[in-house]
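Remarks on the overall topology
Chain by chain, the residues run as shown.
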Amino acid sequence: MESGRRVEGRIVVPGSKSITNRALVCAALADGTSRVDGALAGDDAEAMIAGLTTLGHRLERRDGTLTITPARPAAGERVIEARASGTTMRFLIAVSALSTGPTVLDGTARMRQRPVGPLVSALRTLEADVEYMGEEGVPPVVVRGPVRGRRTPVDATLSSQFVTALMLIGPCLPKGLTLDLVGSPASRPYLVTTAEVMEAFGATVQVGETTIVVGPGGYRATAFTVEPDASAAVYPWVGAAMTAGVVTVADLPGTSSQADMGVLRVLEKMGAMVDWGDEVTVHGPKGGLRGADADLASCPDGAVALAVAAAAARGTSRFTGLGTLRLKETDRLAALETELTKVGATVTCGPDSIEVVPGPLHGATVATYDDHRMAMSFALLGLVVPGIRIAEPGCVSKTWPGFWTALDEATAKLPVIAIDGPAGTGKTTVATAVAEALDGTRLDTGAFYRAATLLALRSGIDPEDGDAIAARLGEVTISYDQGSIDIDGVDVSSEIRSPAVNAAVSAVSAHPAVRSHLVNRQREWVTSARGVVVVEGRDIGTVVFPDAACKIYLDASPEVRAQRRALEDGTDPREELARLAGRDEVDSTRDASPLRPAVDAWILDTSTLTIDEVVQQVVTHYRSGSG
């Protein structure tokens, strides 16, 4: 993944997986041929299509439209391979119980670990014959019907899919079906979505707090349009929130009942602005996201992206109500703990919760566990942290086969001009003039390190104690605006240029913990800027923005640099020469982000050039696209 990109624009996401598979079941049980437009074209939907075809129904896809013609189940034993699709497994266990069978339902190794016990118990209460072929409570199973009962309790605490599966077959029973919910249903909004799809196909459903009543009478054939997937929309929404972008998801209204619409409320708590209209738009905050506490029981699928966003936010986040994440394509809480820790966050997971404490983040290869949501979520982290690599990225095909192309098209690489070089080469003056010439903005990264040094001196912290300085930085707000820098809202632009700060800044800047903390703040600032951004420092092209559009390394002889610094500070040139030699030694030999030209940087010796000449050459080099 490339860092330094902002998510922007109007994005088309796939049709809802949840709605697609519900609609396909309703259409297969209807009284004639139905048409479903906008259906998901991912692995989960293909698993459902294959399963329904095995049961004898005819499904044809053409130009984005699925035509479904119901048929009586074929005679003899049928074997349905649900792959890794939980909705396919659970919905079709119930559908298979409508006929005499036998029907065998199996899936991947992980699917054989995912529970179906509460669904099987409910079907047995309804007099269906369901047997486990291996371990109790999980697939594979063999189902023989038909269902004869009209009322059953169902434990809904592990998954709302058990309830949905039973709701879907209710209209096909002679007297309908009444479900008594045992425990608080996981992800209750999904039950509302199920009822809406069923009603679109002519069923009657009443969803109460503890009881769901489904009327008899079957389904009628209809033309149905699948709503865009809120679970997929989570990724551009969270991406925009993390990168100070503005994203609209096409054709997904703020009134949608889909469960993952709940992610938007959490993003608002974290500082994003949401326009709830005919198409939902998310505006990322310029100052970066802040930590938040939230119960995500109603939108657990979106929790993975929110946890990743929390790692890049300011302040601790704690999300609860996530016990079901341990039963998904992987144990997502365990996976998040492992992978977020790997990139530098501090993560603590409970049975149904996750706490994320941001830390200095760094690149790493992120394992996805063959889980589409892990891959898409950590891809967002790669937009703000250099060096994030996604292992086995193809797993996104489960719900969004075109995710990587869509993300690339929605993210614009920031036009960053990285100017590096030693002290006294005129970086600050040149960067200011280049930004003005290009009608852009300038960021002096050195000001951040000077502010950190001033903070350490004010707090009585030894400049050699990097961990203590980094901890203190986590307690304050540092803001920068066109050369002025504040600590907790107080302008310290003059104080950071004091001799005391000059003497200590190299030591402070050399600490990895300090650099990691401030690099993240610098990336946040650049991401929130508009237009060309000129960033100056000593490791901009090598560490902070290794993917910068243009990299410049300014240099000059030590004597010329000492003379310039002496004129600037009113000091003795010989003293400045000795001081610069010492600083050059520290900056170029430190373990963290040593001063050196990037391998693709344009090196410009300014010893004999005027400032105007340097600025002209840099601007010409950038405009020529040579960077």
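These remarks concern the structure in this document.

Rules used in this analysis
- Residues numbered from 1 in each chain as written.
- Predicted model: local features only at pLDDT ≥ 70, side-chain atom pairs only at ≥ 80, totals over all residues.
- Heavy atoms only, no water.
- Axes fitted to C-alpha atoms, helices over the stretch in contact; angles between N-to-C directions.
- Helix = DSSP H or I, 4+ residues; strand = E, 2+ residues; numbered from the N terminus.
- Contact = heavy atoms within 4.5 Å.
- Nonpolar A, V, L, I, M, F, W, Y, C, P; charged D, E, K, R; others polar.
- Phe/Tyr/Trp six-rings, centres within 6.5 Å; stacked < 30°, edge-to-face > 60°.
- Buried < 20%, exposed > 50% of the residue type's maximum accessible area, 1.4 Å probe, protein only.
- Parallel < 35°, antiparallel > 145°, perpendicular 65-115°, else oblique.
- Left-handed = near helix turned anticlockwise from the far one by under 90°.
- Pairing = 2+ DSSP bridges.
- Right-handed = clockwise from strand over helix to strand, strands pointing away.

What about the packing of helix α4 (residues 117-125) against helix α5 (residues 160-169)?
Two elements in contact, α4 and α5, have axes whose closest approach is 8 Å; the angle formed by their N-to-C orientations is 35°. For the pair α4 and α5, the contacting residues are P118, L119, A122 and L123 in the first and F162, A165, L166 and I169 in the second. Looking at the contact of α4 with α5 residue by residue, the class counts come to eight nonpolar, no polar and no charged.

Digging into the packing of aromatic side chains
Applying the stated criterion to the full structure yields six aromatic pairs. Where W400 meets F403, the ring centres are 5.3 Å apart and the plane angle is 75°; that geometry is what we call edge-to-face. W400 gets classed as buried once you look at its relative accessible area, which sits at 6%. By relative accessible area, which is 2% here, F403 ends up buried. Arranged with centres 4.9 Å apart and planes meeting at 75°, the rings of F403 and W404 form a pair that is edge-to-face. When its relative accessible area of 24% is taken as the criterion, W404 is described as partly exposed. One aromatic cluster in this structure is built from Y235, W400, F403 and W404.

Re unusual backbone geometry
Residues P139 and P140 are joined by a peptide bond in cis, for which omega reads 5°. The residue after G145, namely P146, is reached through a cis peptide bond having omega 0°. In this fold, P146 is placed in the loop between β9 (141-144) and β10 (151-155). One non-glycine residue, E127, adopts positive backbone phi at about 75°. For E127, the position within the fold is in the loop between α4 and β8 (129-132). By relative accessible area, which is 47% here, E127 ends up partly exposed. The phi torsion at A244 lies on the positive side, around 60°, for a residue other than glycine. With respect to the secondary-structure elements, A244 resides in the loop between α7 (230-243) and β15 (246-249).

What to know about the packing of helix α3 (residues 86-96) against α5
Geometrically, a packed helix pair is captured by the angle between its two axes and the distance between the axes. Interhelical geometry of α3 versus α5 gives an angle of 40° and a closest axis separation of 8 Å. In this view, α3 runs oblique relative to α5, as classed from their interaxial angle. The handedness of the crossing between α3 and α5 is right-handed. Two secondary-structure elements touch here, α3 through G86, T87, R90, F91, A94 and V95 and α5 through Q161, F162, T164, A165, L168 and I169.

Notes on the sheet that holds β9
Reading across the sheet, the four strands line up as β6-β7-β9-β8 and stay open at both edges, with mixed pairing between neighbours. What marks the edges here is a single partner per strand, and that holds for β6 (78-81) and β8. If you compare each strand with its neighbour and ignore which way they point, the axes differ by 20° on average. Of the pairings in the sheet, the one linking strand β7 (residues 103-106) to β9 comprises three bridges and is antiparallel in character. Within β9, the residue paired with T103 across the bridge is V143.

Section: the pairing of β10
Only one face of β10 is covered, namely the face carrying T152 and V154; the face carrying R151, P153 and D155 is uncovered. Of the pairings in the sheet, the one linking β10 to strand β11 (residues 177-182) comprises five bridges and is parallel in character. Residue pairing in the sheet places V154 in a bridge with L181 of β11. A crossover links β10 with its parallel partner β11, the connecting element being α5, and its sense is right-handed.

Some points on the sheet that holds strand β18 (residues 293-295)
In spatial order, the strands read β18-β19-β21-β20; together these four strands make up an open sheet with mixed pairing. Each edge of the sheet is formed by a strand with only one pairing partner; in this case those strands are β18 and β20 (346-349). Neighbour to neighbour, the strand axes of the sheet diverge by 10° on average, direction disregarded. Note: β18 against strand β19 (residues 317-320), three bridges, orientation parallel. Note on β19: the bridge partner recorded for D295 is T320. Across the sheet, helix α10 (residues 332-342) lies against β20 and β21 (354-357), angled at about 165° from β20, the strand it touches most.

Note that every value here comes from positions in space, so none of it alone points to a role or purpose.
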